[in-house]
Amino acid sequence: MFSPADILSSVDNACLVLLTEFSDMDTSSIFDELALTTFIEEPVVMLGLVGVTSFEWPNGERLSVQSASHSSQAEIIIFERRIPDRTCLSVNKSPSALRPVLYSGFVGRESLTDFINSKCHTYRSSIGGLSIEGYHRKEILNSLFSIAQISDVTMEDIMLSSKKTVTTQWSSSEKMNTLDEQEDYSGERKHGFKTSDEEMLHITHEYESCPTVKSMEDGETNTCDRSNFDVHKVQNDKEIPQCERITAPSTQQFFHEYLKISKPVIITNMTKSWPAFQKWTNEYFKKEYGNYDVYIKLTPRGEFEGVEKADLWENFKSFSIPHEVKVQLQHPELVVVRPASFSLKFSDFLDMIENVTSGELKNVSAYLEYSSIRQHLPDLEDDIKEMPFIRPGVHKLEHLNIWLSDGNTLGKLHFDPYDNFLCQIHGQKEVILFDPQKNENLYEAHIPEAILSYNKTTGEFRRRTLVDSTSMVMSPVDILRPDFEKFPRFASAMPLNCTLMEGDVLFMPSFWWHEVQSSPSRTARHNLAVNFWYDPFLTKEFPCPDCRLDINPRYRHLL
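Remember, it's a predicted structure, so these values are computed and weren't measured experimentally.

Quick notes on the rules
- Residues numbered from 1 in each chain as written.
- Predicted model: local features only at pLDDT ≥ 70, side-chain atom pairs only at ≥ 80, totals over all residues.
- Heavy atoms only, no water.
- Helix = DSSP H or I, 4+ residues; strand = E, 2+ residues; numbered from the N terminus.
- Buried < 20%, exposed > 50% of the residue type's maximum accessible area, 1.4 Å probe, protein only.
- Contact = heavy atoms within 4.5 Å.
- Areas by Shrake-Rupley, 256 points an atom, 1.4 Å probe, with all protein chains shown as cover.
- Axes fitted to C-alpha atoms, helices over the stretch in contact; angles between N-to-C directions.
- Parallel < 35°, antiparallel > 145°, perpendicular 65-115°, else oblique.
- Left-handed = near helix turned anticlockwise from the far one by under 90°.
- Nonpolar A, V, L, I, M, F, W, Y, C, P; charged D, E, K, R; others polar.
- Pairing = 2+ DSSP bridges.
- Core = buried A, V, L, I, M, F, W, Y, C linked by side-chain atoms within 4.5 Å.
- Salt bridge = Lys/Arg side-chain N within 4 Å of Asp/Glu carboxyl O.

1. So, the overall build of the protein
Item 1. Broken down by element type, the protein carries eleven helices and 24 strands.
Item 2. Across the 559 residues of the protein, 55% fall into the buried class.
Item 3. In the protein, of all internal contacts separated by at least 6 residues, the share reaching a separation of at least 24 is 82%.
Item 4. As presented, the protein carries roughly 24,300 Å² of accessible surface, and 48% of it is formed by carbon and sulfur atoms.

Written out as structure tokens, the structure is:
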């Protein structure tokens, strides 16, 4: 017999299916069959008895099992497993009462099995063992794609190599104007990853404003003068793998060969037929939307959401993290640097990115990122198309965003809890991915945040504000300059290079870690992409390095 204390202590680890004293003999007999046969090998389901009449929660509240649509009392109730709230590190009091899910349907072994499966997220057959859906789920989870299946190149291999492929150095003028001059910003800041396709090595990435910005579309290379620094190149007998590149797949092919096994893939020439490909010029945006207010992000050297030491910030000595929060942080000494931000007219933003791309404006990079098309620029949706191989009415589109920048941007290592279609319109993006099969190698955790400030009059950035919030999706590892002493497990992480050319679409499955280096189109004078974020087919709790991907309950009907 489950007591209130038993229930409150058990729901963190199990889904409770309980028989009340209002059940008749037939229901009790079927319940025994479920307990002794159907769910006997299911570790996340506990079946038992509960006495409703004398039941009282610690707060004095009674347990109600009367259905709103029926006058009778429920014979079987379920307390669903309580998913921990990983979004907040503050200590929350455990609830002193819970609400059960009441079963009010036909009492039969199959119908009850279906009900328990749906509420407890299990896959059992009514006669015991796995259901057909359960076997499909097992097959999917056992066949998830990992980079280790196609490569043995690790980050340690890359960093130990003495070869050089691509070089660059930031000049001292690119340091934040008012930031600590003792901090070393020099060094390699491009990915420079060698791939089996040598042409991918020659995509240029401008970190120093340069009057001769070139891009692959013109068959030219960067002519800016740079000093040599150690970079990332693999030994000659190894190559960093590239994403598979395919033409538009069928719906069945995409589901079985990519979506359900969490495998990234580049689909070529998908956006070139969109009206946006020819239509979305800076001149068009200025004419149609120039007077619109846009909310942009700014950094001094193109790096967005990097991680650095907290003691570099002005309010470090006066800022304190509550002890109960600090002890849960793996790296309380680090912060994710959020960019400065402000609103301005779309036309002014476009002038800014053109000036950065041409070299007239230095020491700043501007980005219109994570900007919802449907919320802010809804007419633009007519110029783009969802992927034709996505099942209509099945995959739920959560967000549709535009990404527009000067092209000199580096989005640091993170994951997104969505299935992502990143659609390149103008410019290129080199995306370095790491799979989510071993998140402990990427040090998934809460990381405190800080926000840059920017003086529009002087053009100066300041490390002004540490804030009482944390990032849940960023990695503390700098993949360009990894500290293997601080992050030793990252040495065994394996990268995948997915470089997007104009017209390409990258399918990036949920929870894949990625770092994105953009470069501008010379003719378009910007880098432009849109992305579709869908409710993921595979999901997990986060931040949680030990939690593994599983089928999103929303899509169990596809199994």
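There's more to say after this.
2. Some points on the packing of helix α8 (residues 282-289) against helix α10 (residues 346-358)
Item 1. Their axes nearest at 9 Å, the elements α8 and α10 cross at an angle of 160°. Here α8 lies roughly antiparallel to α10, going by the angle between them. Considering how the two elements wind past one another, α8 and α10 form a crossing that is left-handed. Each of N282, E283, F285, K286 and Y289 in α8 lies in contact with α10, whose residues at this interface are F346, S347, L350, D351 and E354.
Item 2. For the contact of α8 with α10, the per-class residue count stands at four nonpolar, two polar and four charged.

3. Focus on the pairing of strand β10 (residues 334-338)
Item 1. The buried fraction of β10 amounts to four of the five residues, a majority that puts the element mostly inside the structure.
Item 2. With three bridges joining them, strand β9 (residues 307-309) and β10 adopt antiparallel strand pairing. Paired with E308 across the strands is V335, a residue of β10.
Item 3. Two strands pair when backbone bridges link them, and β10 and strand β17 (residues 447-455) are joined in this way by three bridges, in the parallel orientation. Residue R338 lies in a different strand from β17, and its bridge partner there is I451.

4. A word on the sheet that holds strand β2 (residues 45-49)
Adjacent strands of a sheet pair through backbone hydrogen bonds, lying either parallel or antiparallel.
Item 1. Across the sheet, which stays open at both edges, the four strands sit in the order β2-β1-β3-β4 with mixed pairing between neighbours. Looking along the sheet, the strands with just one partner apiece sit at the ends: β2 and β4 (101-103). Ignoring strand direction, the axes of neighbouring strands in this sheet form an average angle of 25°.
Item 2. Pairing of strand β1 (residues 15-19) with strand β3 (residues 76-79), which is carried by four bridges, proceeds in the antiparallel orientation. Paired with L19 across the bridge in β3 is I76.
Item 3. Against the sheet, helix α2 (residues 25-38) makes contact with β1, β2 and β3, and its axis sits at roughly 150° relative to β1, the strand it touches most.

5. Some thoughts on the nonpolar core
Item 1. Residues W280, F285, F349 and F421 are the most contacted members of the largest nonpolar core, which totals 93 residues.
Item 2. The dominant element in this core, judged by the number of residues it contributes, is α10, at six residues.
Item 3. Those residues in contact with W280, other than ones at most four positions away along the chain, are F285, L380, D383, I384, I402, I425, H426, H526, L528 and V530.

6. Things to note about the packing of α2 against helix α3 (residues 109-120)
Item 1. Axis separation between α2 and α3 bottoms out at 10 Å; the angle between their running directions is 60°. Taken together, the axes of α2 and α3 lie oblique to each other. The handedness of the crossing between α2 and α3 is right-handed. Mapping the contact onto sequence places I30, E33, L34, T37 and T38 in α2 and R109, L112, T113 and I116 in α3.
Item 2. The residue inventory of the contact of α2 with α3, partitioned by class, reads four nonpolar, three polar and two charged.

7. Focus: the environment of L433
Item 1. Structurally, L433 is set in strand β16 (residues 428-434).
Item 2. Residues L433 and W512, 79 residues apart in the sequence, show an inter-C-alpha distance of 6.6 Å.
Item 3. Sequence-distant contacts of L433, defined by excluding residues within four places in its chain, comprise I147, P264, M494, P495, L496, C498, M508, W512, W513 and H514.

8. A look at unusual backbone geometry
Item 1. Residue P543 is reached from F542 by a cis peptide bond, and omega for that bond is -5°.
Item 2. Relative to the helices and strands, P543 is located in the loop between β23 (538-539) and β24 (550-551).
Item 3. A positive phi angle, close to 55°, is found at N269, a residue other than glycine.
Item 4. Examined against the element boundaries, N269 turns out to sit in the loop between β6 (265-267) and α7 (275-279).
Item 5. Despite not being glycine, Y370 shows a phi value in the positive range, around 50°.
Item 6. You can see Y370 is positioned in strand β12 (residues 365-372).

9. What about the pattern of salt bridges?
Item 1. Summed over the entire model, instances satisfying the criterion amount to 33 salt bridges.
Item 2. Note that R137 is salt-bridged to D550, the shortest N-O span being 2.9 Å. Within this pair, whereas R137 is found in helix α4 (residues 132-142), its partner D550 is found in strand β24, the two being separated by 413 residues in sequence.
Item 3. Several salt bridges converge on common partners, so that one network encompasses E283, K286, D351, E354 and R525.

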